[in-house]
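Secondary and tertiary structure notes
Residue-level listing of the chains:
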Amino acid sequence: ALAVAGALTAPIAAQADATLYGSLRLNLSNYDGNDLNFSDNASRIGIKGSTELFSGAKAIFQFEQFVSTETGAFGYNTGSGNGGRLASVGVTGDFGTVNAGRQWSPFAIWTLFPTDILVNSDNSGTSGYAAGLHRLNNTIAYISPAMSGFSFAAVAVADGTDGAGDTAAANGEDLDAYNLAVKYSVDGLTLAASTIGLEPSGDNVNSLAASYKTGGVYVAARFQQDERNGANEDSYELAGSYTMDNTTLAANFIDDDNTTEDAYSLEVSQKLGKAAKAFVGYYDKGTTDSVAVGYRVDF
């Protein structure tokens with residue numbers, strides 16, 4: 001029976017190289033005016049992999065879900081929904097990468113993540129100005145290979161629906177949104193720019209990012225201009241870290257027009273072995289501050 005089972009599963013295993021991965025994260029936080037809160041910190045689990053196609057090209061796939069360490073269920077924090085993070089299939093090779101589905105936007109990868117460096121995701125600042133643009137649904141994307149340090153990306157979003165109060169005949173637009181981005185990297189320095197166009201409103205979200213790494217020192221800055229909801233809001237963030245052996249000191253400062261108060265965070269994280277981290281952090285946003293400790297295991 002074992003021989004028969006092995007013979008049946010061997011061809012399947014040979015067809016695709018799949019990896020199960022995840023990150024389980026817990027926080028104990030104390031915000032002003034609130035009781036202690038032992039909560040999930042954006043835990044997730046997924047599977048990704050590739051399989052050979054032709055002339056060195058590979059088919060790629062990824063599926064990732066939020067999981068809650070509070071409830072043991074799929075879904076963000078409460079486990080009652082908002083479970084999907086990523087789900088895409090594509091092709092990659094010397095020509096670059098073409099990917100389709102729900103995936104990270106170049107806006108996020110190249111201009112948001114450089115300053116999103118805190119282990120405590122609650123204090124990273126990304127939720128305020130990402131606002132649904134860091135992961136995009138119904139997309140097809142192309143990312144070029146690096147050419148003398150330069151890369152570019154283009155994403156089209158088409159979900160088959162029109163904007164509120166709009167009709168296809170009225171707007172004449174087939175795309176719901178697009179994201180164009182460019183990046184340049186050399187000797188530890190990375191510069192990136194991104195623009196997102198939204199239809200039928202015609203609003204744009206433009207962002208710039210710069211980062212530099214040398215030895216254990218990392219610094220980054222970003223700027224974003226957001227035209228959504230009839231506004232023209234600017235956001236700025238500075239972030240930096242210093243790593244000594246297994247200990248990292250990190251900080252960020254955020255000035256966001258969406259809020260009336262600036263915010264900053266300070267954090268110390270300790271790497272425990274190859275896949276675990278513990279941290280303690282402080283967050284201040286004008287009239288509100290908090291202290292948090294947390295533990296994270298990646299696999």
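Not measured: the values here are computed from a predicted model. Residues take numbers from 1 onward in each chain, read along the sequence in its written order. Local features in this predicted model are restricted to residues whose pLDDT is 70 or higher, and side-chain atom pairs enter the listing and the counts only when it is 80 or higher, whereas totals over whole chains, interfaces and linings include all residues. Computation of side-chain values: all heavy atoms of the structure, hydrogens and water removed.

**Brief notes about the overall build of the chain**
The helix and strand labels rest on DSSP assignments: H or I over at least four residues marks a helix, E over at least two residues marks a strand, and numbering proceeds from the N terminus. Helix and strand content of the chain: four helices and 17 strands. Burial here depends on accessible area, computed with a 1.4 Å probe over protein chains only, as a share of the maximum for the residue type. Under 20% is buried, over 50% is exposed, and the range in between is partly exposed. The proportion of buried residues among the 299 residues of the chain is 36%. In the chain, 44% of the contacts between residues at least 6 apart in sequence involve partners at least 24 apart. Contacts were defined at the residue level, with two residues in contact if any of their heavy atoms lie within 4.5 Å.

**Topic: the confidence of the model for the chain**
Across the chain, each position has a pLDDT score giving the predictor's confidence in that residue, from 0 to 100. Counting all residues, the mean pLDDT for the chain is 85, and 84% of those residues have values of 70 or more. Residue range residues 3–14 is modelled with pLDDT below 50. Its contacts to residues more than four positions away, or to other chains, number zero contacts. Scored below 50 in pLDDT, residues 163–171 makes seven contacts in the model with residues more than four places away or belonging to other chains.

**Considerations on the side chain of Ser29**
Its location among the elements puts Ser29 in strand β1 (residues 17–31). The exposure class of Ser29 is buried, given its relative accessible area of 5%.

**With respect to the environment of Ala156**
Here Ala156 lies in strand β8 (residues 150–157). Its relative accessible area of 21% is what places Ala156 among the partly exposed residues. Between the alpha carbons of Ala156 and Tyr142 there is a distance of 9.1 Å; along the sequence they are 14 residues apart. Not counting residues up to four positions away in its chain, the partners in contact with Ala156 are Asn138, Thr139, Ile140, Leu175 and Ala177.

**Considerations on the pattern of salt bridges**
For salt bridges, the criterion is a side-chain nitrogen of Lys or Arg within 4 Å of an Asp or Glu carboxyl oxygen. Across all of its chains, the model carries four salt bridges by this definition. In this structure, Asp298 and Arg296 form a salt bridge, with 3.0 Å as the shortest nitrogen-oxygen distance. A relative accessible area of 25% means that Asp298 is categorised as partly exposed.

**Section: the pairing of strand β5 (residues 84–93)**
For two strands to count as paired, DSSP must find a minimum of two bridges between them. The pairing of strand β4 (residues 58–66) with β5 spans eight bridges and is antiparallel. Among the inter-strand pairings, Lys58 is bridged to a residue of β5, identified as Thr92. As judged from the seven bridges shared by β5 and strand β6 (residues 96–104), these two strands associate in the antiparallel manner. Along β6, the bridge assignment pairs Thr92 with Thr97.

**Considering the pairing of strand β2 (residues 37–40)**
Where β1 meets β2, four bridges bridge the pair, whose relative direction is antiparallel. The residue bridging Leu28 from the neighbouring strand is Phe38, located in β2. Linking β1 to β2, which pair antiparallel, is a turn of five residues; within it Gly33 sits at a positive phi near 80 degrees.

**Quick notes on the packing of aromatic side chains**
Each Phe, Tyr or Trp ring (for Trp, its six-membered ring) is paired with any other whose centre lies within 6.5 Å, and the angle between the two planes then decides the class: stacked below 30 degrees, edge-to-face above 60, tilted in between. In total, this model carries five aromatic pairs according to the counting rule given. Judged by centre distance (6.3 Å) and plane angle (55 degrees), the ring pair of Tyr264 and Tyr282 falls under tilted. Here Tyr282 lies in strand β16 (residues 276–285) and Tyr264 lies in strand β15 (residues 263–272), a separation of 18 residues in the sequence. Judged by its relative accessible area of 25%, Tyr282 is partly exposed. Charges are assigned to positions over rings by a cutoff of 6 Å between ring centre and Lys NZ or Arg CZ, combined with an angular limit of 35 degrees from the ring normal. Its guanidinium or amino end placed over the ring of Tyr21, Lys48 lies 5.0 Å from that ring's centre, counting from NZ or CZ.

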